[in-house]
Amino acid sequence: MSIENISANRSFGGWHKQYLHDSQSLNCKMRFAIYLPPQASQMHKVPVLYWLSGLTCTDENFMQKAGAQRIASELGIAIVAPDTSPRGESVADDEAYDLGQGAGFYINATQAPWSRHYHMYDYMVELPALIETTFPVTTQRAIAGHSMGGHGALMIALRNPASYVSASAFSPISNPSQCPWGQKAFETYLGKDRDSWRDYDSSELLKNADKPVPMLVDQGEADSFLVEQLKPETLEEAAKASNYPLQLRRHSGYDHSYYFIASFIEEHLRFHGKYLN
């Protein structure tokens, strides 16, 4: 698979780089970013944290705003940030911010015209394979994300518990089949059969999870999307019912922004570091 380096920046002794590659899952070119800590070399491979971003974001938001590189450098953890959807002139789109390009929701679309490109769930299987054959990294993986990406991170970990040693999220869309953002995306991408929606809903998946992945969720109590869109209480209820190892923390005064993420990203990285190392 062809891969093209398009940028490189030195950061905390390591390198932040962006790449373009042809994605078989999405039938288009995709961009991702990777932070390689100074420990990474052909003689010493490092584990990887995959970061999934939220609506309207690209690979750049987290890498530029979260301030994660300093701790990743200390811990010897690589960070990979994929884009949030397929991109390009031939890729279906919508004028709304919460549908189409920038809003892939990490699911496999079954409805036209979205089904030609929008297979973000499959892409999150394809990308680690590319990363592990291209860069000095191990097969140890953790996954994290924010908002729509928080939904993606938890859902992917729950569906692939053998592939991830830990999962975390900031302000995840916890019950997408029961909130406006999720319902709009799921009906558009998957159709009206709500039974198919459960396969991508973390609160539903938690009810029957049989192989636990250590999970940390942080939620700001001043988040304007908290009640209508995020619904963290559904995660708590499902985790209690299945005795799942979920730690959900609420933080007074914090909102949905990267100020919130930057405040607690060190704790998330150290949480993952316990399981990656």
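Residues numbered from 1 in each chain as written. Predicted model: local features only at pLDDT ≥ 70, side-chain atom pairs only at ≥ 80, totals over all residues. Heavy atoms only, no water.

**What about the pattern of salt bridges?**
Test applied: Each salt bridge in this description consists of a side-chain nitrogen of Lys or Arg and a carboxyl oxygen of Asp or Glu lying within 4 Å of one another. Only protein chains enter the accessibility calculation, which uses a 1.4 Å probe; a residue is then buried when its area is under 20% of its type maximum, exposed when over 50%, and partly exposed in between.
Evaluation of the coordinates by the stated rule reveals 14 salt bridges. Between lysine 29 and aspartate 22 there is a salt bridge, with its nearest N and O atoms 3.1 Å apart. With a relative accessible area of 46%, lysine 29 lands in the partly exposed category. Residue classification places aspartate 22 among the partly exposed residues on the basis of a relative accessible area of 34%. We note a salt bridge from glutamate 267 to arginine 249, for which the minimum N-O separation is 2.8 Å.

**Some thoughts on helix α3 (residues 120–134)**
Where we set the bar: Runs of H or I in DSSP of at least four residues are treated as helices and runs of E of at least two as strands, each being numbered from the N terminus. An expected span of 1.5 Å times one less than the residue number is assigned to each helix.
Taking 1.5 Å per residue, 15 residues should reach 21 Å; α3 reaches 20 Å between its end C-alpha atoms and fits that length. By the burial criterion, the buried members of α3 are Met120, Tyr121, Tyr123, Met124, Glu126, Leu127, Pro128, Leu130, Ile131 and Glu132.

**Observations concerning the side chain of histidine 272**
Operational definition: It only takes one pair of heavy atoms within 4.5 Å for two residues to be counted as in contact.
By secondary structure assignment, the location of histidine 272 is in helix α10 (residues 258–276). Beyond its immediate chain neighbours, meaning those up to four positions away, histidine 272 contacts Leu49, Ala142, Ile143, Ala144, Ser166, Ala167 and Ser168.

**Focus on the environment of aspartate 218**
Quick note on the threshold: Pairs of N or O atoms within 3.5 Å make up the polar contacts considered here, provided that, within protein, one atom can donate a hydrogen while the other can accept it, and that residues adjacent in sequence are counted only when both atoms are side-chain atoms.
In this fold, aspartate 218 is placed in strand β8 (residues 215–220). Here aspartate 218 falls in the buried class, since its relative accessible area comes to 0%. For the pair aspartate 218 and alanine 169, spaced 49 residues apart in the sequence, the C-alpha separation amounts to 6.4 Å. What aspartate 218 contacts, discounting residues up to four positions off in sequence, is Ala169, Phe170, Ser171, Pro172, Arg249, His251, Phe260, Phe264 and His268. In this structure the side chain of aspartate 218 is engaged in a polar contact, spanning 2.6 Å, whose partner is the side chain of arginine 249. Among the polar contacts listed, one links the side chain of aspartate 218 to the side chain of histidine 268, at a separation of 2.9 Å.

**Concerning unusual backbone geometry**
Between alanine 112 and proline 113 the backbone carries a cis peptide bond, its omega angle lying at -5°. Looking at the element boundaries, proline 113 is found in the loop between β5 (78–82) and α3. Phi is positive for phenylalanine 12, which is not a glycine, with a value near 50°. Of note, phenylalanine 12 is situated in the loop between β1 (3–11) and β2 (14–23). In this structure phenylalanine 12 comes out as partly exposed when scored by relative accessible area, which is 49%.

**Section: the nonpolar core**
As a reminder, the rule being used: Only buried Ala, Val, Leu, Ile, Met, Phe, Trp, Tyr and Cys residues count toward a nonpolar core, and they belong to the same one when joined by side-chain atoms within 4.5 Å.
Residues Phe32, Phe105, Ile131, Ile143, Ile156 and Tyr189 are the most contacted members of the largest nonpolar core, which totals 66 residues. Setting aside chain neighbours within four positions, we find isoleucine 156 in contact with Leu52, Tyr106, Tyr121, Met124, Ile143 and Tyr164. In terms of nonpolar packing, the next biggest core, distinct from the first, is built from 23 residues, Tyr35, Phe62, Ala66 and Phe170 among them.

**Topic: the sheet that holds β1**
Cut-off, in case you're wondering: Pairing between strands is defined by DSSP: at least two bridges between the two strands are required. Lines fitted to C-alpha atoms define the axes here, with helix axes fitted over just the stretch in contact, and angles between the N-to-C directions of these axes take values from 0 to 180 degrees.
With mixed pairing, the 9 strands of this open sheet are ordered in space as β1-β2-β3-β5-β4-β6-β7-β8-β9. Because the sheet does not close on itself, it has two edges, and the strands there are β1 and β9 (246–251). If you compare each strand with its neighbour and ignore which way they point, the axes differ by 20° on average. Examined bridge by bridge, strand β3 (residues 28–36) and β5 share 4 bridges and lie antiparallel to one another. Its bridge partner being in β5, isoleucine 34 is matched across the sheet by valine 80. Across the face of the sheet, helix α4 (residues 148–159) comes into contact with β4 (46–52), β6 (137–146), β7 (167–170) and β8 while running at roughly 135° to β6. Each of β4, β5, β6, β7, β8 and β9 is contacted by α10, which is oriented at about 175° to β7, the strand it contacts most.

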